[in-house]
Number of protein chains: 2
Amino acid sequence: MKRIAVVGCTGAVGLTMLELLGPTELEVLCMASPRSAGKLLQVGGRDYLIEPFSVEACATCDVVFLCVSGEFALKYGEQLAQSSVVIDNSSAFRYHPDVPLLVPPINGKSYKGEYLIANPNCSSAIALMVLGPLHQAFGLESAIISTYQAASGAGQPAMLELRERARGFEDYGLDNGSENFAHNLAFNVIPQVDRFEDNLYTREEMKVVWELRKVLGEPRLAISTTAVRVPTLRSHAESLTLKFKQPIHSLEGVRRLLAEAPGVELVDDPAAGRYPMPMTSTYKHAVEVGRIRFNLIYGQYGLDLFISGDQLLRGAALNAFEIMQLVKR
Amino acid sequence: MKRIAVVGCTGAVGLTMLELLGPTELEVLCMASPRSAGKLLQVGGRDYLIEPFSVEACATCDVVFLCVSGEFALKYGEQLAQSSVVIDNSSAFRYHPDVPLLVPPINGKSYKGEYLIANPNCSSAIALMVLGPLHQAFGLESAIISTYQAASGAGQPAMLELRERARGFEDYGLDNGSENFAHNLAFNVIPQVDRFEDNLYTREEMKVVWELRKVLGEPRLAISTTAVRVPTLRSHAESLTLKFKQPIHSLEGVRRLLAEAPGVELVDDPAAGRYPMPMTSTYKHAVEVGRIRFNLIYGQYGLDLFISGDQLLRGAALNAFEIMQLVKR
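This one's a predicted model, so the numbers in the text were calculated from it and none came from an experiment.

Definitions and cut-offs
- Residues numbered from 1 in each chain as written.
- Chains lettered and ligands numbered in written order.
- Predicted model: local features only at pLDDT ≥ 70, side-chain atom pairs only at ≥ 80, totals over all residues.
- Heavy atoms only, no water.
- Pairing = 2+ DSSP bridges.
- Helix = DSSP H or I, 4+ residues; strand = E, 2+ residues; numbered from the N terminus.
- Axes fitted to C-alpha atoms, helices over the stretch in contact; angles between N-to-C directions.
- Contact = heavy atoms within 4.5 Å.
- Core = buried A, V, L, I, M, F, W, Y, C linked by side-chain atoms within 4.5 Å.
- Buried < 20%, exposed > 50% of the residue type's maximum accessible area, 1.4 Å probe, protein only.
- Domains from an automatic or database assignment.
- Phe/Tyr/Trp six-rings, centres within 6.5 Å; stacked < 30°, edge-to-face > 60°.
- Lys NZ or Arg CZ within 6 Å of the ring centre and 35° of its normal.
- Buried area = accessible area lost by both parts, 1.4 Å probe.
- Salt bridge = Lys/Arg side-chain N within 4 Å of Asp/Glu carboxyl O.
- Polar contact = N/O pair within 3.5 Å; in protein donor to acceptor, adjacent residues only side chain to side chain.
- Nonpolar A, V, L, I, M, F, W, Y, C, P; charged D, E, K, R; others polar.
- UniProt positions renumbered as here; feature names shortened; annotations may be inferred.

Novice: I tried to follow the sheet that holds strand β11 (residues 264-266) of chain A on my own but got confused; where do I start?
Specialist: Note: strands within a sheet are paired through backbone hydrogen bonds, in either parallel or antiparallel orientation. All names here are of chain A. Taken in spatial order, the 6 strands make up an open sheet running β9-β8-β10-β13-β12-β11, and their pairing is mixed. With one partner strand each, in any of the chains shown, β9 (222-226) and β11 form the two edges of the open sheet. Recorded for the sheet is a direction-independent mean angle of 25° between the axes of neighbouring strands. Across 8 bridges, the pairing between strand β8 (residues 140-148) and strand β10 (residues 235-244) is antiparallel. By the bridge assignment, Ile145 is partnered in β10 with Leu240. Across the sheet, helix α5 (residues 122-138) touches β8, β10, β11, β12 (287-295) and β13 (299-310), and the angle it forms with β10 is around 30°.

This is how it looks when you write it as structure tokens:
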């Protein structure tokens, strides 16, 4: 592999990808809208000249990262995959049966050299780091998930808006609207991420259902989710209630299993005030897991736990980066 | 009823109680620590001279509101209840079999004139407004609850700390500690409210379990909870996954039921961006309920919904106020 492209390099995920690439020996083409083209981008210890997007330039690359909208990906994804391996961060192709949806530590071995690969939704990717090993060990029967999602999922301007609104906050009044969220997010929580589906779940909630099933290879797995935006900057948290087919004999065994799982950091010493939090998981590559306890309803067949992971890293760019490492070119 | 006392009048709950009392014909004694005694308190359109707490002064009152710590309540509660009806906002007596735990719209009819009455935990009181009518209609089998709890639950100084930290926030760094929470709360979520029990649940989580069972009169009801502090000011939110004994034939029926329930406001028009949020439920007497949908696992036997209610009003002072209205003195 010699040459890669990052399309959408000025967005939150694109920038994080460039940070991850760091001072690499790879040649990296940075592409964005014509508005940004020609500007210089300093990131990850390197200077990049932003180029306008072009199919021809992408075709000279071994791997093309699409950190752009689903509409853009739908329009160009298959065309780009004629000549390059395309790793698409949008949801455009995730549910297509022929497109692998990869979380490398969990289902990376299922990759068979396809040219179009989907990167999962951030909430899915973060949950899967923990659900993967638990499912393998105890057989997941059902998962009930409530999320605490950061502003970064709505992009770079959303993070700025939240910080400015929080700084200038006086009191709750009439909804003063938002450029980036369904409502003002400062000192608020919003139980809507993405648009609503006919079944009254949001698309974000259904993405988690569909993607957990696809990555775990369990197309009928019982999952229910509530996706909520909270006023944090770039780490999601999730409250998980899990039911298993096999009984769990000791929490210590669960802790050992998760401590050894790739991409997972066990942060589970509640008496010492240690548990997963956005404040501590931000900028971390690993997903924090803690508050591990037997569920009060399911007893030894159930676990409750709390996780937190950086939405831009594990939830997006880092997973895409790890997909690239699977690609043999 | 002629004369009441508010003990702990300078705290967040005490002040909210005085606001609720407003320009009443009742004589109101305001009591606080010797440190505050002698100061003038302007609240609810009235001026109050703060008195030091005294058992003798309380004994001249028909009703005594205890808006103080559990230790204080344990020390004085039973003594005060010799001469006055004591409505205690702490958890000191909530689980005592002889002490009624009242949420008036739900189990107010069970009140038999006891002199010591417990006011529930805020998360419990808010959830019960919605769980009560649903349990009555469909028979609750299990409840899985994740909370999004505001700073106000940790008191007035906690709300100030959150606002100041949010205003001065630069970046996530090392935990810079907190005077009021287990960690800094600005742009963070903390999966710890109250201390940890032996079963690794927090006391806040177990309070919800115990109190839902007691108020609904179902001592073995299956409940599991995760209590999380989020950076909002004074309204809690909760994500509820409920399983029922009887099938639910239409969501429209559920909406009608909840729209007519006392103390509940149906806010459930997701396509129009209307659902419960701290921003809109703050300062409201009613608990907002919305995001009502069939649970993806339990089908017609399950509902997922989202609620939000003012922690200081419905979660504390307003419930205590409604308990006072049950007292015939």
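Novice: Just checking my understanding: could you explain the nonpolar core for this structure?
Specialist: Proteins that are soluble and globular tend to have nonpolar side chains buried together. If you look at the biggest cluster of nonpolar residues, it comprises 57 residues, and the most contacted ones within it are Leu134 and Leu305 of chain B. The element that contributes the greatest number of residues to this core is helix α5 (residues 122-138) of chain B, accounting for 8 residues. Each of domain 1 (3-120 + 317-326) and domain 2 (124-311) of chain B gives at least three residues to this core. Once residues within four sequence positions are removed from consideration, Leu134 of chain B is found in contact with Gly139, Leu242, Phe244, Val254, Leu257, Leu258, Leu303 and Leu305 of chain B. With 56 residues, the next largest nonpolar core counts Met31, Met129, Phe138 and Ile248 of chain A among its residues.

Novice: Hey, could you run me through the packing of aromatic side chains in this one?
Specialist: Each aromatic ring pair is specified by the distance between its two centres and by the angle formed by the two planes. Here the structure, examined in full by the defined rule, presents 19 aromatic pairs over all chains. Centroid distance Tyr95 of chain A to Trp210 of chain A: 5.0 Å. Interplanar angle 65°. Geometry classified as edge-to-face. With a gap of 115 residues between them, Tyr95 of chain A in the loop between β6 (85-88) and α4 (104-107) and Trp210 of chain A in helix α7 (residues 203-216) connect regions that are remote in the sequence. Residue Tyr95 of chain A is classed as partly exposed on the basis of its relative accessible area, which comes to 28%. Given a relative accessible area of 29%, Trp210 of chain A falls into the partly exposed group. The interplanar angle of 70° and the centroid separation of 5.7 Å between the aromatic rings of Phe138 of chain B and Phe244 of chain B together place this pair among those described as edge-to-face. In this pair, Phe138 of chain B sits in helix α5 while Phe244 of chain B sits in strand β11 (residues 235-244), placing the two residues 106 residues apart along the sequence. Phe244 of chain B shares its class with Phe138 of chain B; the two are buried. Connected via pairs of aromatic rings, a cluster forms that spans Tyr148 and Phe306 of chain A together with Tyr148 and Phe306 of chain B. If you follow Arg293 of chain B out to its NZ or CZ, it ends over the ring of Tyr201 of chain A, 4.3 Å from the centre.

Novice: Any chance you could explain the interface of chain A and chain B here in plain terms?
Specialist: Interface size is commonly expressed as the accessible area that is lost once the parts come together. Taken residue by residue, the interface counts 69 residues in chain A and 69 residues in chain B. Together chain A and chain B conceal approximately 5600 Å² of surface at their shared face, both sides included; 62% is due to carbon and sulfur atoms. Looking only at chain A, the three residues that lose the most surface to chain B are Tyr172, Met279 and Leu296 of chain A, adding up to 13% of its buried area. At the surface where chain A touches chain B, the tally comes to 4 salt bridges. Between Glu205 of chain A and Arg293 of chain B there is a salt bridge whose closest N-O contact spans 3.7 Å. At the junction of chain A with chain B, the criterion picks out 40 residue pairs in polar contact (both at pLDDT 80 or more). Looking at the side of chain A that touches chain B, the element that brings in the most residues is β8 of chain A, giving 6 residues. For the side of chain A that touches chain B, the class distribution of residues is 39 nonpolar, 19 polar and 11 charged.

Novice: What should I look at first to understand the side chain of Thr225 of chain B in this one?
Specialist: Inspection of the secondary structure assignment puts Thr225 of chain B in strand β10 (residues 222-226). Only 2.9 Å separates the side chain of Thr225 of chain B from the backbone oxygen of Glu205 of chain B, close enough to count as a polar contact. Discounting chain neighbours no more than four positions away, the residues touching Thr225 of chain B are Arg293 of chain A together with Ile145, Tyr201, Glu205, Val208 and Val209 of chain B.

Novice: Hey, could you run me through the UniProt feature "domain: Semialdehyde dehydrogenase NAD-binding" (unreviewed entry) in chain A in this one?
Specialist: When the UniProt feature table is mapped onto this chain numbering, "domain: Semialdehyde dehydrogenase NAD-binding" (unreviewed entry) sits at residues 3-114 of chain A. Between the end C-alpha atoms of residues 3-114 of chain A there is a gap of 18 Å, over a span that is 27% helix and 27% strand.

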